[in-house]
Amino acid sequence: MSNPEKENTKTDDKLNFVQNIISNDQQSNKYDGRILTRFPPEPNGFLHIGHAKSICLNFGIVEKFPGALCNLRFDDTNPAKEEEKYVESIKEDIKWLGFDWKDRLFFSSDYFDKLYEYAVKLVKKGKAFVCDLSTEQMRAHRGTITTPGKESPFRNRTAEENLGLLEQMKKGEFKDGEKTLRAKIDMASPNLNMRDPVMYRIIHTHHQRTGDRWNIYPTYDFAHGQSDSIERITHSICTLEFENHRPLYDWFLDELDVYHPQQIEFARLNINYTVMSKRKLMQLVTEMHVSGWDDPRMPTISGLRRRGYTPESIRNFCERIGVGKVNSTNDVALLEHFVREDLNRTAMRVMSVLNPLKIVIVNYPEDQEEELDAVNNPEDETKGTRKVPFSKIIYIEKDDFMEDPPKKFFRLAPGREVRLRYAYYIKCTDVIKDENSGEITELHCTYDPATKGGDSPDGRKVKATLHWVSVKHAVMAEVRLYTHLFNREDPENAEDGKNFTSCLNLDSLKTLRNCAVEPSLATAQPEDRFQFERLGYFCVDKDSTKENLIFNRTVTLKDTWAKVQKKK
RNA sequence: UGGGGUAUAGUGUAAUGGUAGCACAAAUGAUUCUGGUUCAUUUUGUCCGGGUUCAAAUCCUGGUACCCCAGCCA
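In this report, the structure presented in the accompanying data block is examined. (Residues numbered from 1 in each chain as written. Chains lettered and ligands numbered in written order. Predicted model: local features only at pLDDT ≥ 70, side-chain atom pairs only at ≥ 80, totals over all residues. Heavy atoms only, no water.)

### Quick notes on the sheet that holds strand β22 (residues 509–517)
The condition is simple: When DSSP finds two or more bridges between a pair of strands, those strands are recorded as paired. Per the convention used, a helix needs a DSSP run of H or I reaching at least four residues, while a strand needs a run of E reaching at least two, with both numbered from the N terminus.
On the basis of which strands lie adjacent, the open sheet formed by seven strands has the order β10-β23-β24-β25-β21-β22-β11 and mixed pairing. Here the strands that pair on one side only, and so sit at the sheet edges, are β10 (348–350) and β11 (352–353). Two strands pair when backbone bridges link them, and β11 and β22 are joined in this way by two bridges, in the antiparallel orientation. Bridge pairing in β22 links Val353 to Ala516.

Dropping the structure here:
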């Protein structure tokens with residue numbers, strides 16, 4: 001037995017390494033006790049669960065530390081790739097997850113004037129220059145990982161000349177790519193980011209917020225650190241790949257002599273059986289491997305929402321996986337665990353038959369109908385009960401009958417008695433087959449009227465309880481069964497020469513159009529979530545209508561019978 | 001190969017010189033009108049080699065492995 005005194009360790013009080021740094025900084029009054037983080041998405045695609053990790057981290061700081069704040073800042077420095085519609089979807093997803101940026105909504109483009117001022121300052125200091133090198137030439141000058149680069153022949157233009165050229169760039173007097181503004185740092189630096197990186201490039205493209213006002217746009221490297229500085233962010237939390245950029249951000253901030261946030265890098269989220277880069281997700285969409293960004297198989301927030309995931313379950317997942325600096329891949333089973341946990345608590349129970357098999361209860365009166373009481377949620381008494389109609393002909397699940405059952409099969413079989421949930425005990429007396437195909441078309445059963453409600457007065461036990469739907473009262477529906485999008489744990493590492501799409505699971509969506517659901521589901525609305533008893537959790541799809549009900553399977557129930565079968 | 005990072009059960013994450021813990025996964029049993037839930041129990045770990053110390057996942061030292069960087073993407 002464990003020692004009760006030791007059980008006081010509250011896991012929720014444990015801080016991850018980022019929170020530890022912040023906690024220490026707050027205690028030491030490092031930023032006058034201020035804490036300000038930010039979530040900085042680029043509006044060039046939909047948010048995925050990897051972003052959710054970052055959102056939970058950044059906005060979660062607000063909940064963890066009194067007085068802390070978190071900005072939402074769109075990093076919109078590349079008009080060629082960004083769109084307004086992405087801004088809207090990103091906002092929607094953050095709200096849906098349950099976070100609120102209040103009035104702290106910003107855009108990097110808000111700072112274009114300031115950023116340009118900064119650039120001018122560096123030019124005047126002799127720390128930046130206008131370069132005429134083409135992309136190819138610049139690459140050649142950059143050197144390699146092991147050999148130093150060569151300085152640009154334009155590196156020594158005078159400040160006056162550079163100022164004039166920069167002004168002309170800004171006015172749109174040059175073509176795209178004709179010139180760049182570069183920082184003058186060190187072409188021999190072992191850190192490639194320090195080899196005179198580009199600060200501004202010429203892009204004659206309409207910007208979703210600044211219109212046609214600018215012909216030059218700052219690079220991410222020149223915009224990001226300064227934007228954090230302008231907003232007086234205390235802790236700039238970003239992913240591991242920016243570790244190499246930190247010295248560059250430091251250099252800009254130091255040369256500019258402005259406020260200096262602290263950058264902390266953490267490992268981005270990976271999950272097995274899926275991909276997590278915007279580029280690859282975009283490819284799945286454009287190549288039509290999925291129906292869109294919100295396809296229920298996508299790891300996007302909108303996809304997970306449509307699949308039936310709850311914000312709570314995603315947040316719990318993000319909390320549990322922790323935050324570290326090691327590249328790691330989480331098991332999708334953990335994510336599934338958290339939806340099951342949440343939905344078990346909250347989802348209404350309901351009976352639906354996915355693959356109907358007709359049963360005629362031969363000794364049940366022809367025209368009789370009964371309304372039976374069914375529990376809405378055994379985990380929550382306050383959810384009450386509902387009436388479910390019963391009659392002579394019902395559907396059960398095809399999988400719940402076997403003519404020649406193996407040892408561990410507890411369900412219906414010839415001569416065997418089982419319980420119909422909330423209804424009666426029934427015993428199978430006849431198996432009716434199609435003469436030609438030999439396929440089972442219906443079952444004949446008898447029922448025991450004394451077992452009404454599901455209990456036998458004589459204490460007789462049955463080994464199985466089956467869900468069912470009365471044929472006469474059934475509402476027909478379409479059900480979409482989803483499984484992993486990829487049949488390989490690590491689709492990124494496809495076999496030689498093949499890309500990740502070669503690992504696509506062609507059976508990741510199975511549509512059933514002839515499902516019988518209980519009548520209470522007739523009025524279900526999009527995003528309503530249910531537990532189909534004994535089957536799994538299901539969510540009404542956004543395309544569902546009264547005439548054509550559509551349910552998406554979020555996740556199956558844990559299924560030890562399936563496990564037993566798999567072992568064979 | 002230069003530079004920057006990182007190594008703790010199958011997976012992910014704690015332990016900040018003092019009993020290697022938690023969650024998921026896996027396994028066993030109990031309960032159950034969901035083969036669900038719940039409960040109990042079990043298996044499995046400090047990358048490797050040296051050193052310091054009464055005591056090392058933690059400190060020192062030497063290896064090894066993996067990740068990131070050669071966009072006018074972010």
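### Overview of the packing of aromatic side chains
Put simply, the test is: The rule is short: rings of Phe, Tyr and Trp, with Trp giving its six-membered ring, pair when the centres are within 6.5 Å, and they are stacked under 30 degrees, edge-to-face over 60, tilted in between. The buried label goes to any residue with under 20% of its type's maximum accessible area, the exposed label to any with over 50%, and the partly exposed label to all in between, with areas taken from a 1.4 Å probe on protein chains only.
Per the stated rule, a full pass over the model turns up 24 aromatic pairs. With centroids separated by 5.7 Å and ring planes inclined at 85°, the aromatic side chains of Phe46 and Tyr86 adopt a geometry described as edge-to-face. Of this pair, Phe46 sits in the loop between β1 (36–39) and α2 (49–64) while Tyr86 is found in helix α3 (residues 84–97), placing the two residues 40 residues apart along the sequence. The class of Phe46 is buried, set by a relative accessible area of 17%. Judged by relative accessible area, which is 4%, Tyr86 ranks as buried. When the ring of Tyr116 is compared with that of Tyr200, the centres are 6.3 Å apart and the planes differ by 80°; the resulting orientation is edge-to-face. Taken together, the positions of Tyr116 in helix α4 (residues 112–124) and Tyr200 in strand β6 (residues 198–202) put the pair 84 residues apart, joining distant regions of the chain. With a relative accessible area of 9%, Tyr116 lands in the buried category. On the basis of relative accessibility, which here comes to 0%, the residue Tyr200 falls in the buried class. One aromatic cluster in this structure is built from Phe112, Tyr116, Tyr200, Trp214, Tyr217, Phe222, Trp251 and Phe252.

### Concerning the protein's contact with RNA strand B
Cut-off, in case you're wondering: Proximity is defined per residue: any heavy atom of the residue falling within 4 Å of a molecule or strand makes that residue near it. Whenever a nitrogen or oxygen atom comes within 3.5 Å of another N or O atom, the pair is scored as a polar contact, on the condition that within protein one atom can donate a hydrogen and the other can accept it, and that pairs from neighbouring residues in sequence are kept only if both atoms are in side chains. When residues are grouped by polarity, Ala, Val, Leu, Ile, Met, Phe, Trp, Tyr, Cys and Pro land in nonpolar, Asp, Glu, Lys and Arg in charged, and all others, Gly among them, in polar.
Neighbouring RNA strand B are 70 residues, the closest being Arg320, Arg349, Arg411, Arg419 and Gly453. For RNA strand B, the fraction of protein-proximal atoms (within 4 Å) that sit in sugar or phosphate groups is 63%. Take Arg201: an N or O atom from its side chain is 2.8 Å from a phosphate oxygen of RNA strand B. One of the backbone nitrogen or oxygen atoms of Gly454 is found 2.9 Å away from a base nitrogen of RNA strand B. Among the secondary structure elements, those contributing two or more residues to the surface near RNA strand B are α5 (135–142), β6, α11 (311–321), α12 (332–346) and α13 (560–567). Here the surface near RNA strand B is composed, by residue class, of 20 nonpolar, 24 polar and 26 charged.

### As for the environment of Leu334
Test applied: For this analysis, residues touch if any pair of their heavy atoms sits within 4.5 Å.
Take Leu334: it is sitting in helix α12. Sequence separation between Leu334 and Asn78 is 256 residues; the distance between their C-alpha atoms is 36 Å. In contact with Leu334, not counting residues within four places along its chain, are Phe317 and Ile321.

### A word on empty space enclosed by the protein
Test applied: Using a grid of 1 Å spacing that covers the protein atoms alone, one calls a set of points a cavity when a 1.4 Å probe fits there but cannot get out, and a pocket when the set is open and has protein on both sides within 12 Å along at least five of seven lines; lining residues are those with an atom within 4 Å of a point. Grid points are joined across faces, edges and corners, and a volume is the space filled by probe spheres set on the points.
Going through the model one piece at a time under the given rule, you end up with one cavity of 30 Å³ or more. Of the volumes computed, that of the largest cavity is approximately 250 Å³. For the largest cavity, the lining is made up of 19 residues, of which Thr274, Arg297, Leu304, Arg307 and Val332 are closest to its centre. Secondary-structure elements contributing two or more residues to the lining of the largest cavity are α10 (301–307) and α12. When residues of the lining of the largest cavity are assigned to their parent elements, the largest contribution, three residues, is made by α12.

### A short note on the layout of surface pockets
A volume near 1500 Å³ is recorded for the largest pocket. Lining of the largest pocket is provided by 41 residues; of these, Leu535, Thr556, Leu557, Asp559 and Ala562 occupy positions nearest its centre. Of all the elements in the fold, those that place two or more residues in the lining of the largest pocket are α12, β21 (475–482), β22, β25 (549–556) and α13. Sort the elements by how many residues they give to the lining of the largest pocket and α13 lands first, with seven residues. Residue classes in the lining of the largest pocket are distributed as 16 nonpolar, nine polar and 16 charged. Approximately 850 Å³ is the volume found for the second largest pocket. If you go around the second largest pocket, you meet 35 residues; those closest to its centre are Glu42, His51, Phe242, Arg268 and Lys278.

### Focus: helix α6 (residues 159–171)
As a reminder, the rule being used: Multiplying 1.5 Å by the helix residue count minus one yields the expected span of that helix. By construction, the arc corresponds to the directions joining the helix axis to the C-beta atoms.
Under the 1.5 Å per step criterion, the end-to-end length of α6 is 18 Å for 13 residues, consistent within 8% with the ideal 18 Å. All of the buried residues in α6 are Asn162, Leu165, Leu166 and Met169. With its buried residues spanning 100° around the axis, α6 presents them on a single face. The exposed residues of α6 that point more than 90 degrees off its buried face are Glu160 and Lys171.

### Topic: the pairing of strand β2 (residues 69–74)
Counted only if it meets this: Seen with the strands pointing away from the viewer, any crossover whose path from the first strand over the helix to the second strand runs clockwise is right-handed.
Judged by how many residues are buried, β2 sits mostly within the fold: five of six residues are covered. As defined by bridge partners, β1 adjoins β2 across four bridges and the pair is classed as parallel. Bridge pairing in β2 links Thr37 to Cys70. Read from β1 through α2 to β2, the crossover connection turns out right-handed. As judged from the three bridges shared by β2 and strand β3 (residues 105–107), these two strands associate in the parallel manner. Residue Arg73 lies in a different strand from β3, and its bridge partner there is Phe106. For the crossover that starts at β2, traverses α3 and ends in the parallel β3, the hand is right-handed.

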